[in-house]
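What follows is the residue order along each chain.
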Amino acid sequence: MKNLGDFLSLLEKEREIVTIDVPVDPHLEIAEIHRRVIEKEGPALLFKNVKGSSFPVVTNLFGTKKRVDLAFGKHPEIVLKELLHLATRDFPPTVKKLWRARHSLKRLLSFGMRKKSSTPVQAERAQSLNELPFLTSWPEDGGPFLTLPLVYTESPSGKPPNLGMYRIQRHDDNTTGLHFQIGKGGGFHLYEAEQRNTPLPVSIFLGGPPALILSAIAPLPENVPELLFASFVSGGKIHTSRDRETGNMIIGEAEFALLGEALPHERRDEGPFGDHYGYYSLKHPFPVFRCKKILHRKGAVYPATIVGKPKQEDFFIGDYLQELMSPLFPIVMPGIKDLWSYGETGFHSLAGAVVHERYKREVMAHAFRILGEGQLAFTKFLLLTNQSIPLRPFKPFFQLILERFRPETDLYIFPNLSLDTLDYTGPRLNEGSRGVLIGAGEKIRDLPERLDHTLPHPFEKADPFCPGCLVIEAKETKDYSLLLDNPNLQKWPLLILVDSLQETLQDETSFLWSVFTRFDPARDIHANIKQVEHHHPIYQLPLLIDARKKGYPDVVTPAKETVSLVDHRWATYF
């Protein structure tokens, strides 16, 4: 598919999109409709009559696995596996094997960029950012945002360009925020420009081939251009041009192109914003995008998404990306047999890996490799084993870890590190810790499956998530010794304190979100320490994770007035 229009036509053919003709408000109302539909695994939504804008809005494009497969297909995964097989197992390839792989090789040869003198997105112009239907998703958001922006920047020093997805808050009719997070290409390019004290040209696109969205969030190595990856996924060349007035690069099949620059050292408060962790990220100074020109194609459609507590659209796209790129892990990181980041935790909060262990403690070499690889470096907690087991579903994998880990040698906590900009569990913005827990080798313990004794006061409610993991509801107390020193709890390898037992144990998604988005390993893992040996604490069982909110930013919740409005109007939408 070469553009958003092609994808919308396919969704219509597959009966995967619904049109809403009645007037709807981009301030909170569209977001609430979207959330109810995605929760029921409903269709994509095309809002034809958006208050304050002449442009229709489409959301929920990727809200089910089926629509993700329609957007990107299985061809990229098949081609990638075949080419990797050819390069690693069939090398040097014979003529017969090359012929067998000819379709994949043809696809490989067809990708790249194609420059055009004029493109569809240059057909018409808008005069102000206020003409675009920026959405406000949550009641405490700092303003309206672009939520599916494709932000293109070029390195002032000639390194490869970057296409990233960074939320864009509209400040006024010609400026927005640029939420460049640490460790991302756009921020690196701005840093280079600021070292030279020169403006950084920035192009922001909406729409285009669906593969652009995939490439913008893909955890590619820093020097691999996202546009090349998008071309590979889409199976064709990406059409580009240069704007004659501004010099900005243009992706020709986009719906909208916002062309401008970021001035060196200019900052303005951005946020709050209800983010994909399910909490608000707070107000902080971020760079400013100064828009010089707004282009759009004839009949342009404005694509948007709504983020919040998983599972949202980013969950399905993230899972597809991991499945697509999983054949690369053993090539890029030899010794990694399987790797998975759990979207239920916002991806960065928790990952699991199955690795080789050909010599004692080789598993830690693999841990360091994972935690030093691109976006995986922001993984907050990493679980590793050398046993062959699927990483999904999570519960059997977690049980295997609990059966094997040795508290005196297999838990590592690394404080005083950088942290994902959107994660507020650390002491300050962009700061936090990492944790690694190893469950390798043979099983060393049988796990309890139920609690046979009463809990010490003031604890009253507890239930296992899985054998060996006891979840305990606790409101205020921080006297962890009441649990860690209790002889009736010594056989449980892991205790977890939560605000609500019922909410945490609803299902696996609720457990992963409640526990692993709400803790900082260095501050929230507790255990009795027998001694410190060679700078390593010798922990004793049980371990305890305090996963209560403890003053973190608020969980995103829709406004009561918006809920009532959508309740009242629901029948009119459909």
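Up top is the structure these notes are about.
So, here's what we can say about the structure. (Residues numbered from 1 in each chain as written. Predicted model: local features only at pLDDT ≥ 70, side-chain atom pairs only at ≥ 80, totals over all residues. Heavy atoms only, no water.)

### Some thoughts on the packing of aromatic side chains
Scanning all chains against the criterion turns up 25 aromatic pairs. Taken together, a centroid distance of 5.5 Å and an interplanar angle of 15° make the contact between Tyr-279 and Trp-513 stacked. A residue pair is termed long-range when its members are at least 10 positions apart, and Tyr-279 in the loop between β16 (273-274) and β17 (280-281) and Trp-513 in helix α16 (residues 508-516) qualify at 234 residues. You'll find Tyr-279 and Trp-513 in the same group, each marked buried. Measuring from centroid to centroid gives 5.9 Å for Trp-570 and Tyr-573, while their planes differ by 85°, and the two rings are edge-to-face. Of this pair, Trp-570 and Tyr-573 both sit in helix α18 (residues 560-573), three residues apart, which is roughly one turn of the helix. Residue Trp-570 is classed as partly exposed on the basis of its relative accessible area, which comes to 30%. (Phe/Tyr/Trp six-rings, centres within 6.5 Å; stacked < 30°, edge-to-face > 60°. Helix = DSSP H or I, 4+ residues; strand = E, 2+ residues; numbered from the N terminus. Buried < 20%, exposed > 50% of the residue type's maximum accessible area, 1.4 Å probe, protein only.)

### Remarks on the sheet that holds strand β29 (residues 536-546)
Strand pairing in a sheet relies on backbone hydrogen bonds. The paired strands run either parallel or antiparallel. The five strands lie next to each other as β25-β26-β27-β29-β28, forming an open sheet whose pairing is mixed. Pairing within the sheet leaves two strands with one partner each, and these edge strands are β25 (462-466) and β28 (525-533). Neighbour to neighbour, the strand axes of the sheet diverge by 30° on average, direction disregarded. Bridging between strand β26 (residues 469-473) and strand β27 (residues 494-498) involves five bridges; their strand directions are parallel. (Pairing = 2+ DSSP bridges. Axes fitted to C-alpha atoms, helices over the stretch in contact; angles between N-to-C directions.)

### Digging into helix α7 (residues 185-196)
Here α7 contains twelve residues, and its C-alpha end-to-end distance of 17 Å stays within 8% of the 16 Å for a straight helix at 1.5 Å per residue. For α7, every residue scored as buried is listed here: Gly-185, Gly-186, His-189, Leu-190, Glu-192, Ala-193 and Glu-194. The inward-facing, buried residues of α7 abut β7 (150-153), β8 (162-164), β11 (200-206), β14 (256-262), β15 (267-270) and β18 (284-296). Where α7 terminates, the next one or two residues include Asn-197, which has phi positive at roughly 60°. (Expected span 1.5 Å × (residues − 1). Contact = heavy atoms within 4.5 Å.)

### Let's talk about the sheet that holds strand β21 (residues 350-355)
Overall, mixed pairing links the five strands, which are arranged β20-β21-β22-β24-β23 in an open sheet. The sheet is open, and its two edges are formed by β20 (336-341) and β23 (411-418), each paired on a single side. Going from strand to strand, the sheet's axes swing by 15° on average, the running direction of each strand aside. Note: strand β22 (residues 381-385) against strand β24 (residues 431-438), four bridges, orientation parallel.

### So, the pattern of salt bridges
Scanning all chains against the criterion turns up 34 salt bridges. In this structure, Asp-275 and Arg-167 form a salt bridge, with 2.8 Å as the shortest nitrogen-oxygen distance. Pair noted here: Asp-275 is in the loop between β16 and β17 and Arg-167 is in the loop between β8 and β9 (168-169), with a separation of 108 residues, a long-range link. On the accessibility criterion, Asp-275 (7% relative accessible area) is buried. (Salt bridge = Lys/Arg side-chain N within 4 Å of Asp/Glu carboxyl O.)

### Regarding the environment of Phe-72
Within the element layout of this structure, Phe-72 appears in helix α3 (residues 65-72). Here the alpha-carbon distance between Phe-72 and Gly-235, two residues 163 residues apart in the chain, equals 9.8 Å. Residues contacting Phe-72, with those up to four places away along its chain left out, are Phe-62, Pro-210, Ala-211, Leu-214, Val-233 and Tyr-320.

### Section: the pairing of β18
With ten of 13 residues buried, β18 lies mostly within the body of the structure. As defined by bridge partners, strand β5 (residues 124-126) adjoins β18 across three bridges and the pair is classed as antiparallel. Looking at the pairing, Ala-126 lines up with Ile-294 of β18. Pairing of β14 with β18 involves six bridges; the strand directions are antiparallel. Directly across from Leu-259, in β18, lies its bridge partner Lys-293. Examined bridge by bridge, β15 and β18 share four bridges and lie antiparallel to one another. By the bridge assignment, Arg-267 is partnered in β18 with Pro-287.

### Observations regarding the pairing of β7
The alternating pattern of β7 places Leu-150 and Tyr-152 on one face and Val-151 and Thr-153 on the opposite face, and all of these are buried. Where β7 meets β11, four bridges bridge the pair, whose relative direction is antiparallel. The partner of Val-151 across the bridge, within β11, is Ile-204. Sheet topology note: the β7/β8 ladder contains three bridges and is antiparallel. Each bridged residue has a counterpart across the sheet, and for Thr-153 the counterpart in β8 is Asn-162.

### Comments concerning unusual backbone geometry
Look at the link from Gly-271 to Pro-272: it is a cis peptide, with omega at -5°. Each neighbour pair has its own omega, and for Leu-541 with Pro-542 the value is 0°, a cis peptide bond. Within the element layout of this structure, Pro-542 appears in strand β29. The backbone phi angle of His-534 is positive, close to 55°, even though this residue is not glycine. Positionally, His-534 belongs in the loop between β28 and β29.

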